[in-house]
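Geometric and topological summary
The primary structure of each chain is shown beneath.
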Amino acid sequence: MTAEAMAILQAAGAEEIEHPGGTLLSHLRRVSALLGSWGARPALVSAGLCHAFYGTDGFPVALLDLGHRAELVEAIGVEAEALVYFYASCDRKSSYPGLTHNRGTFVDRFTGFLRGCPGLQAGEESDSCGAGQGQPDRRQGDPAVHPARP
């Protein structure tokens, strides 16, 4: 965890924003810790702490808009910020059904471009569904997370 990233999170009010399982800040800390416990590289652990800075398709509250990417780069580095952007850009309805396939499609919700961050995705989804807390999946029935199978 970088002190700069924590300062930005706190200044943006992440401690006050509700999120499944507590506050957004507690969720971000858990995701970062979970990725660290999996032996993830430092950039991925930092990205886990900051993955909601630009909002996500499933959690639209943005702490910074995309015009402030340089601030996050300063706090966590180029690689980690790129991972944060990549995660935030995921169009879940278009991308999630193919995540388990080698040729799955990734759609950038900001640009509409197709491209192909499974580690960060796995950490965030594991915490959000309660897997890291011994709880049942809080998002059961959410079609973006559990799409209907043909």
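The paragraphs below set out a description of the structure included in this document. A quick note: this is a predicted structure, and the numbers were derived from the prediction, not measured.

This next bit is on the packing of helix H4 (residues 69-76) against helix H5 (residues 78-88). Orientation of H4 relative to H5, taken along the N-to-C sense of each, is 130°, at an axis distance of 7 Å. Viewed along their axes, H4 and H5 adopt a mutual orientation that is oblique. Relative to H5, the crossing made by H4 is right-handed. Side by side, H4 and H5 meet where Arg69, Leu72, Val73 and Ile76 of the first sit next to Val78, Ala80, Glu81, Val84 and Tyr85 of the second. Looking at the contact of H4 with H5, its residues break down into seven nonpolar, no polar and two charged.

Let us now look at the packing of helix H2 (residues 24-37) against helix H3 (residues 42-50). A pair of packed helices can be characterised by two numbers: the angle between their axes and the separation between those axes. Two elements in contact, H2 and H3, have axes whose closest approach is 7 Å; the angle formed by their N-to-C orientations is 160°. In terms of orientation, H2 lies roughly antiparallel with respect to H3. The element H2 and its partner H3 pack so that their crossing is right-handed. Residues Leu28, Arg29, Val31, Ser32, Leu35 and Gly36 of H2 touch H3, and the partners they reach there are Leu44, Val45, Gly48 and Leu49.

Moving on, we get to the packing of aromatic side chains. Applying the stated criterion to the full structure yields two aromatic pairs. On the numbers, 4.3 Å between centres and 10° between planes, the contact of Phe86 with Phe106 is stacked. Remark: Phe106 occurs in strand S3 (residues 106-107) and Phe86 occurs in helix H5; sequence separation between them is 20 residues. With a relative accessible area of 12%, Phe86 lands in the buried category.

Counting 31 residues, the largest nonpolar core has Leu9, Leu24, Cys50, Phe53, Tyr54, Ile76 and Val84 as its most contacted members. Elements with a minimum of two residues in this core: helix H1 (3-11), H2, H3, H4 and H5. Among the elements that take part in this core, H3 stands out by supplying six residues, more than any other. Discounting chain neighbours no more than four positions away, the residues touching Ile76 are Thr2, Ala5, Ser46, Cys50, Glu81 and Val84.

Looking only at H1, the buried set comprises Ala5, Met6, Ile8 and Leu9. Buried residues of H1 fall within an arc of 160° about the axis and therefore sit on the same side. More than 90 degrees from the buried face of H1, the exposed residues found are Ala3 and Ala11. The inward-facing, buried residues of H1 contact H2, H3 and H4. Just downstream of H1, Gly13 is the residue with a positive phi angle, here 85°.

Calculation criteria
Per-chain numbering applies: the sequence of each chain, read as written, is numbered from 1 onward. For this predicted model, a pLDDT threshold of at least 70 governs which residues receive local features, and a threshold of 80 or more governs which side-chain atom pairs are given and counted, while totals over whole chains, interfaces and linings are taken from all residues. Hydrogens and water molecules were not included; the side-chain quantities draw on all heavy atoms of the structure. All axes here are fitted lines through C-alpha atoms, helices being fitted over the stretch that makes contact, and every angle between N-to-C directions spans 0 to 180 degrees. A run of DSSP states H or I qualifies as a helix once it reaches four residues; a run of E qualifies as a strand once it reaches two. Both are numbered from the N-terminal end. Oblique is the label for any angle not covered by the other classes, which are roughly parallel (under 35 degrees), roughly antiparallel (over 145) and roughly perpendicular (65 to 115). By convention the crossing between two helices is left-handed if the near helix lies anticlockwise of the far one by an angle smaller than a right angle, and right-handed if it lies clockwise. Contact definition: two residues touch when any of their heavy atoms are within 4.5 Å. Gly is placed with the polar residues, together with every amino acid not listed as nonpolar (Ala, Val, Leu, Ile, Met, Phe, Trp, Tyr, Cys and Pro) or charged (Asp, Glu, Lys and Arg). Ring pairs shown here join Phe, Tyr and Trp side chains whose ring centres sit within 6.5 Å, with only the six-membered ring taken for Trp; geometry is labelled stacked below 30 degrees between planes, edge-to-face above 60, and tilted in between. Only protein chains enter the calculation, and the probe is 1.4 Å; a residue is then buried if its accessible area is under 20% of its type maximum, exposed if over 50%, and partly exposed in between. Side-chain atoms within 4.5 Å are what join buried Ala, Val, Leu, Ile, Met, Phe, Trp, Tyr and Cys residues into a set we call a nonpolar core. Comment: arc refers to directions from the helix axis out to C-beta atoms.

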